[in-house]
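As a plain string of letters, each chain reads:
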Amino acid sequence: MSSFPAQEIAQALTDWFTAHGRDYPWRRTTDPWAILVSEIMLQQTTIPTVLGRYDAWMQQFPTPAALASATEEEALRSWEGLGYYRRVRALQAAARAIVQQHGGRFPTEENSIRALPGIGDYTVGAILSFAYNKQAPLVDANVSRVFARLFNDPTPIDSPAGRKRHWQLAARLVPPTNPRAYNSGLMELGQTICTNGTPDCLLCPLRAWCKAENPALLPVKLPRKEITAVVHHDIFLLTPAGLLMEKQADGKRHEGMYRLPRRTAGLCSGLPHLAAQKYSITRYKVTRHLYQAPADTVPLPGEEFIPLSRLAATPIASPDRKIIEKHLPH
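Given the structure is predicted, the values throughout are model-derived calculations rather than measurements. Along every chain, residues carry numbers that run from 1 in the direction the sequence is written. It should be noted that, the model being predicted, local features are given only for residues of pLDDT at least 70 and side-chain atom pairs only at 80 or more, the latter also being counted only at that level, while totals for whole chains, interfaces and linings use all residues. Side-chain measures here rest on the full set of heavy atoms in the structure, leaving out hydrogens and waters.

Draft legend 1. Spatial organisation of the packing of helix H10 (residues 141-150) against helix H11 (residues 160-173). Simply put, an axis is a line fit to the C-alpha atoms, just over the touching stretch for a helix, and the angle between two N-to-C directions goes from 0 to 180 degrees. Going along the chain from the N terminus, every DSSP run of H or I of four or more residues is numbered as a helix, and every run of E of two or more is numbered as a strand. Two elements in contact, H10 and H11, have axes whose closest approach is 10 Å; the angle formed by their N-to-C orientations is 85°. One way to sum up the angle between H10 and H11 is to call them roughly perpendicular. Facing Ser-144, Phe-147 and Ala-148 of H10, the residues of H11 in contact are His-166, Leu-169, Ala-170 and Leu-173. For the contact of H10 with H11, the per-class residue count stands at 5 nonpolar, 2 polar and no charged. In these notes the angle categories are as follows: under 35 degrees is roughly parallel, over 145 is roughly antiparallel, 65 to 115 is roughly perpendicular, and the rest is oblique. Any two residues whose heavy atoms approach within 4.5 Å at even a single point are treated as in contact. Three classes are used, and their members are as follows: Ala, Val, Leu, Ile, Met, Phe, Trp, Tyr, Cys and Pro are nonpolar, Asp, Glu, Lys and Arg are charged, and the others, Gly among them, are polar.

Draft legend 2. Up close: the environment of Asp-15. Its location among the elements puts Asp-15 in helix H1 (residues 6-20). Separated by 167 residues in sequence, Asp-15 and Tyr-182 place their C-alpha atoms 8.8 Å apart.

Draft legend 3. Molecular detail of the pattern of salt bridges. Counted as salt bridges are all cases of a side-chain nitrogen of Lys or Arg within 4 Å of a carboxyl oxygen of Asp or Glu. In total, this model carries 14 salt bridges according to the counting rule given. Arg-114 serves as the salt-bridge partner of Glu-110, at 2.7 Å between the closest nitrogen and oxygen. With a gap of 4 residues between them, Glu-110 and Arg-114 both fall in helix H8 (residues 110-114), about one helical turn apart. For Glu-110, a relative accessible area of 36% corresponds to the partly exposed category. Throughout this description, buried means an accessible area under 20% of the type-specific maximum (1.4 Å probe, protein chains only), exposed means over 50%, and partly exposed covers the range between. On the basis of relative accessible area, Arg-114 is assigned to the partly exposed category, the value being 33%. Three or more residues are tied together by salt bridges with common partners; here these are Asp-234, Arg-262, Arg-288 and Asp-320.

Draft legend 4. Seen up close, the nonpolar core. Throughout this description, the term nonpolar core refers to a set of buried Ala, Val, Leu, Ile, Met, Phe, Trp, Tyr and Cys residues connected via side-chain atoms within 4.5 Å. Grouped together as the largest cluster of nonpolar side chains are 69 residues, with contacts concentrated most on Trp-33, Trp-57, Trp-79, Leu-91 and Leu-189. Residues in contact with Trp-79, not counting those within four places in the same chain, are Ile-40, Met-41, Arg-53, Trp-57, Tyr-84, Tyr-85, Arg-87, Val-88 and Leu-91. In this structure, Leu-243, Leu-311, Ile-323 and Ile-324 belong to the second largest nonpolar core, which totals 13 residues.

Draft legend 5. Inspection of the side chain of Gln-92 at higher detail. Looking at where Gln-92 falls in the secondary structure, it is placed in helix H7 (residues 86-102). Not counting residues up to four positions away in its chain, the partners in contact with Gln-92 are Leu-67, Ala-70, Thr-71, Glu-72 and Ala-75.

Draft legend 6. Summary view of empty space enclosed by the protein. Every definition here rests on a 1 Å grid over the protein atoms only: cavities are sets of points where a 1.4 Å probe fits but cannot get out, pockets are open sets enclosed by protein on both sides within 12 Å along at least five of seven lines, and lining residues have some atom within 4 Å of a point. Grid points are joined across faces, edges and corners, and a volume is the space filled by probe spheres set on the points. For the structure shown, the criterion picks out 1 cavity of 30 Å³ or more. What lines the largest cavity is Ile-9, Leu-13, Phe-147, Leu-150, Leu-173, Tyr-182, Leu-186 and Leu-206. Put simply, the parts of the chain that give the lining of the largest cavity at least two residues each are H1, H10 and helix H12 (179-192). Broken down by class, the residue content of the lining of the largest cavity amounts to 8 nonpolar, no polar and no charged.

Draft legend 7. Representation of the sheet that holds strand S5 (residues 262-263) within the structure. What the 4 strands build is an open sheet, ordered S5-S1-S7-S6; its pairing is mixed. On the outer flanks of this sheet lie S5 and strand S6 (273-281), each paired with one strand and no other. The pairing of S6 with strand S7 (residues 284-292) spans 8 bridges and is antiparallel. Bridge pairing links Ile-281 to Tyr-284 in S7. DSSP bridges decide pairing: two strands pair if at least two such bridges lie between them.

So far we have only geometry, and geometry alone does not tell us how the molecule works.
Here it is, written out as structure tokens:
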């Protein structure tokens with residue numbers, strides 16, 4: 001590693017990104033709040049999905065103060081379709097900390113940024129380098145893929161040893177000159193050239209230094225966790241008072257959001273079957289059966305009728321909203 005041409009690699013990567021980097025709205029700004037929002041959105045969500053939501057979301061919450069003053073329902077509703085709603089809760093907690101502890105101004109020092117709720121090593125590196133152009137490392141799945149091939153490293157990238165090694169490499173390789181472009185280029189390389197499967201090595205700006213003997217076999221990952229099949233039995237009841245919904249209790253996956261009420265298969269066995277819906281969430285493959293509930297159904301604790309006039313502003317997970325909209329009167 002001591003003889004590794006880090007400066008040459010950094011320059012080649014920076015030059016390549018300057019010439020070929022894609023244009024995203026979060027790359028047109030150095031506002032740390034806008035960059036934080038983009039990084040939180042991009043966690044476990046595809047770039048096209050985020051591109052379809054980012055500008056409108058930033059218009060709704062252009063500053064930490066704007067999100068800090070919103071209700072939890074408003075924040076959750078704004079995130080609908082992006083999934084993993086704990087992210088917007090963490091983002092709102094960070095916004096409130098910025099308002100309460102920093103007078104609404106985004107902190108500039110690493111320790112202060114790291115102390116914000118929901119901020120990890122990657123996000124700290126992203127804010128320091130993309131917003132402030134400071135020499136800070138970052139590692140995501142794309143960066144790990146590049147490093148595994150560049151150094152022909154068979155260590156599983158999702159293992160503790162693999163993560164530690166790649167963070168050490170990132171810290172040693174990030175240059176003091178224009179780390180913003182370097183880190184952007186490193187991620188872009190993994191997204192567009194050094195991709196999963198067979199990379200496009202002929203177009204790679206780092207091919208002269210890459211040690212990968214068989215790049216298609218890298219990176220190595222730990223065995224994947226099995227997908228669990230889950231079956232839900234939900235009821236649909238629309239009355240003049242509104243649609244019967246259940247608010248997710250504290251500690252639940254979608255805490256604070258509303259969903260269709262759930263019942264046992266036995267209780268639903270004699271009800272008219274309205275629809276079956278299939279969708280996936282992380283390691284779960286869900287099949288939802290929807291049944292027409294009798295008009296005299298008594299709501300259980302936590303369930304309430306939501307007037308149709310309030311439904312659009314109510315935070316509801318995308319699969320629920322999709323099946324609800326199909327069964328509302330038009």
